Amino acid sequence: MSTIPDASRTRVVLDTNPADTRDVLAEVNLGTAADVARAIERAERAYPAWRDTPAPQRGRILARAAEITRRRVDELARLLTREEGKTLSEARGEILRGVNLLEWYAGEGFRMGGKTRPSEMPTTLLLSLRQPLGVVAIITPWNFPWAEPVWKVAPALVAGNAVILKPASLTPLVAQRFAEVLAEAGLPEGVLILVVGSGAEVGDALVTDPRIRAVSFTGSCEIGGEVYARAARRLAKVTCEMGGKNAVVVMPDADLDLAAAGIAQGAFGSTGQRCTATSLCVVHREAARPLVDRVVDRARAIRVGSGLEEGTGMGPVVDARQLETILRYIELGRQEGARLVTGGRRLEGDGYDHGFFVEPTVFVDVGPAHRIAQEEIFGPVLSVIEVGSLEEALRVTNGVRYGLSASIYAGDANTIMRFVDAVEVGMVHVNSPTVGGEAQIPFGGIKWSGVGGREMAEEGLEFFTELKSVFFDYTGRPRTTNIY
Ligand code: NAP
């Protein structure tokens, strides 16, 4: 395992706490394309021995990494909060989600494999094998700096690949800790190499290098679309998990307290910086008033502050650029004619001056065509759209380019099942928030939210393997028949 490059120190950036930028976590040397080339050479050298390591043994290293992580959860969560900004309890949840994923993929070391099928021919064994690809690249965003690397790296490793990980340059330390945990768990040198650097240089070098057999990317649609096209041009395997514009639909027979709690959690949890964050509330007009009142009460009750402080309900956004984007969307919402019912401002003074804090924000009277109803804001901004029927709710929910996650709060089973069937997303929740995923079930989206395969569960592992079909004739003499 090796980490942040020490060669080619072309540029150094400060890794700071978004709640208080005077708190500097590290000076980070940004790597270059030359560092990527060296990393690939080292990974290629490490690959053959790792490929030949029995899969259960590879899995045991992940199991040990899970144990080490569990022991260090508080320290890792604290670092995550300082680096990314989410609250300590959210950070703890993220670290523990990573533990689940390590545990799941540790078990896959015993299970991964192909299948056997009866042959058309006598005395013939017909089977398929799952084999690793070689050296693969993993490119991750800043908003889940622990869980994202884990959920890609764990399946790639257990499948027998060597991995180059490029974390977001905003959050390299948490990713570095993960690499250190794997090294402590026994991962051989060179099997996982972390290269920190800009997407434009390090990311692009990984995407375009012909020695990289697969690229697993998570991030924005804009960058993901480019990554997909560039890697596909050289026929590499590619998966891109991207943004979302996730709606909660609320019908008149819903439990409105439950719905409001779920909407607030989905919209303002992790400061709205989740791909599965609730960004739209599509509510039947008979329930609109009482629902919005409840959501607004919850938004106003959230204490915004440093995620390290006890009692904080919502941390800062990740950096000045993200804050600017969110404030721009809030202004745009006003200009488009939506009505701001709570929030809308950057928080300043009183301990807020050195961080990037914004109020939990709710707009009503939003139209489905408004940009705040169509585009991913990636901040704590909720847009409420009123509708008159389930079918209209479906048209609004499906009328965005994204297709990651959606949720419905309703009582009637037929209504719920119609929604589950017709909504165009990769993940649908019933009477629960749009957020969350579990190691043992596929995670990901459709349309502009995802392309190239799902993550987590067996599907996440499959991406990092090739299938080889084996036709094993044990007759011992020439065939007299041919099936083709
Ligand atoms: P981003 O700007 O697209 O960056 C994602 C990663 O790609 C970073 O490591 C970035 O590096 C790298 N990158 C940038 N330009 C590149 C290029 N030309 N070639 C290769 N790599 C390049 O996204 P972000 O702002 O970090 O993350 C937020 C986005 O991720 C949101 O849209 C969110 O919805 C999405 N997301 C999706 C999921 C999901 O599972 N669907 C999960 C989490 C987040 P640098 O930043 O270091 O330059």
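Just so we're clear, the structure is a prediction, and the values are computed from it rather than from any experiment. (Residues numbered from 1 in each chain as written. Predicted model: local features only at pLDDT ≥ 70, side-chain atom pairs only at ≥ 80, totals over all residues. Heavy atoms only, no water.)

Chemist: Can you lay out the packing of helix α4 (residues 88-111) against helix α5 (residues 147-158) for me, pointing to particular residues and giving the numbers?
Modeler: Viewed as axis vectors pointing N to C, α4 and α5 meet at an angle of 10°, and their least axial separation amounts to 9 Å. One way to sum up the angle between α4 and α5 is to call them roughly parallel. Note on element contacts: α5 touches α4 through A147, V150, W151, A154, P155 and V158, opposite E94, R97, G98, L101, L102, Y105, E108 and G109. Each residue belonging to the contact of α4 with α5 can be placed in one class, and the counts come to nine nonpolar, two polar and three charged. (Axes fitted to C-alpha atoms, helices over the stretch in contact; angles between N-to-C directions. Helix = DSSP H or I, 4+ residues; strand = E, 2+ residues; numbered from the N terminus. Parallel < 35°, antiparallel > 145°, perpendicular 65-115°, else oblique. Contact = heavy atoms within 4.5 Å. Nonpolar A, V, L, I, M, F, W, Y, C, P; charged D, E, K, R; others polar.)

Chemist: I'd love a proper account of helix α1 (residues 33-52), names of residues and values included.
Modeler: The end-to-end C-alpha distance of α1, which contains 20 residues, comes to 29 Å, matching closely the 28 Å that a straight helix rising 1.5 Å per residue would cover. Within the sequence span of α1, burial applies to D35, V36, A39, I40, A43, A46, Y47 and W50. (Expected span 1.5 Å × (residues − 1). Buried < 20%, exposed > 50% of the residue type's maximum accessible area, 1.4 Å probe, protein only.)

Chemist: Can you lay out unusual backbone geometry for me, pointing to particular residues and giving the numbers?
Modeler: Apart from glycine, the bulk of residues carry a negative phi angle, and the bulk of peptide bonds sit in the trans form. Despite not being glycine, T123 has its phi angle at roughly 40°, a positive value. Within the element layout of this structure, T123 appears in the loop between β3 (116-117) and β4 (124-132). Within the chain, D365 stands out as a residue other than glycine whose phi angle is a positive 55°. Along the polypeptide, D365 turns up in the loop between β13 (361-364) and α12 (371-374).

Chemist: Pulling in residues and values, what's your account of the domain arrangement of the chain?
Modeler: Here the domain parsing of the chain yields domain 1 (12-242 + 449-470) and domain 2 (246-430). Contacts between domain 1 and domain 2 engage 25 residues on the former and 27 residues on the latter. Taking both partners together, domain 1 and domain 2 bury about 2100 Å²; carbon and sulfur atoms supply 60% of that area. The interface formed by domain 1 and domain 2 contains eight residue pairs in polar contact (both at pLDDT 80 or more). Ranked by residue count, the leading element in the side of domain 1 that touches domain 2 is helix α3 (residues 73-84), at four residues. (Domains from an automatic or database assignment. Buried area = accessible area lost by both parts, 1.4 Å probe. Polar contact = N/O pair within 3.5 Å; in protein donor to acceptor, adjacent residues only side chain to side chain.)

Chemist: Can you explain the nonpolar core? Please cite residues and give values.
Modeler: Judged by nonpolar contacts, the single largest core of 64 residues is most densely connected at L62, W146, V153, L157 and L182. A domain-level breakdown of this core finds at least three residues from each of domain 1 (12-242 + 449-470) and domain 2 (246-430). If sequence neighbours within four positions are ignored, W146 has contacts with T69, L76, L80, E94, I95, G98, V174, R177, F178 and V181. Membership of the second largest hydrophobic core comes to 61 residues, among which are A236, L323, L390 and I408. (Core = buried A, V, L, I, M, F, W, Y, C linked by side-chain atoms within 4.5 Å.)

Chemist: Can you tell me about the side chain of H284, naming the residues and giving the values?
Modeler: Looking at the element boundaries, H284 is found in strand β11 (residues 278-284). At a separation of 3.0 Å, a polar atom in the side chain of H284 contacts the main-chain carbonyl oxygen of G388.

Chemist: I'd like a rundown of the packing of aromatic side chains, residues and numbers included.
Modeler: Enumeration over the complete set of coordinates arrives at five aromatic pairs. Here W146 and F178 contribute two aromatic rings whose centre-to-centre distance is 5.4 Å and whose plane-to-plane angle is 70°, an arrangement assigned as edge-to-face. With W146 in the loop between β5 (135-139) and α5 and F178 in helix α6 (residues 172-184), this pair connects stretches of sequence that are 32 residues apart. Looking at K237, its charged tip hangs above the ring of F463, at a distance of 5.2 Å from the centre. (Phe/Tyr/Trp six-rings, centres within 6.5 Å; stacked < 30°, edge-to-face > 60°. Lys NZ or Arg CZ within 6 Å of the ring centre and 35° of its normal.)

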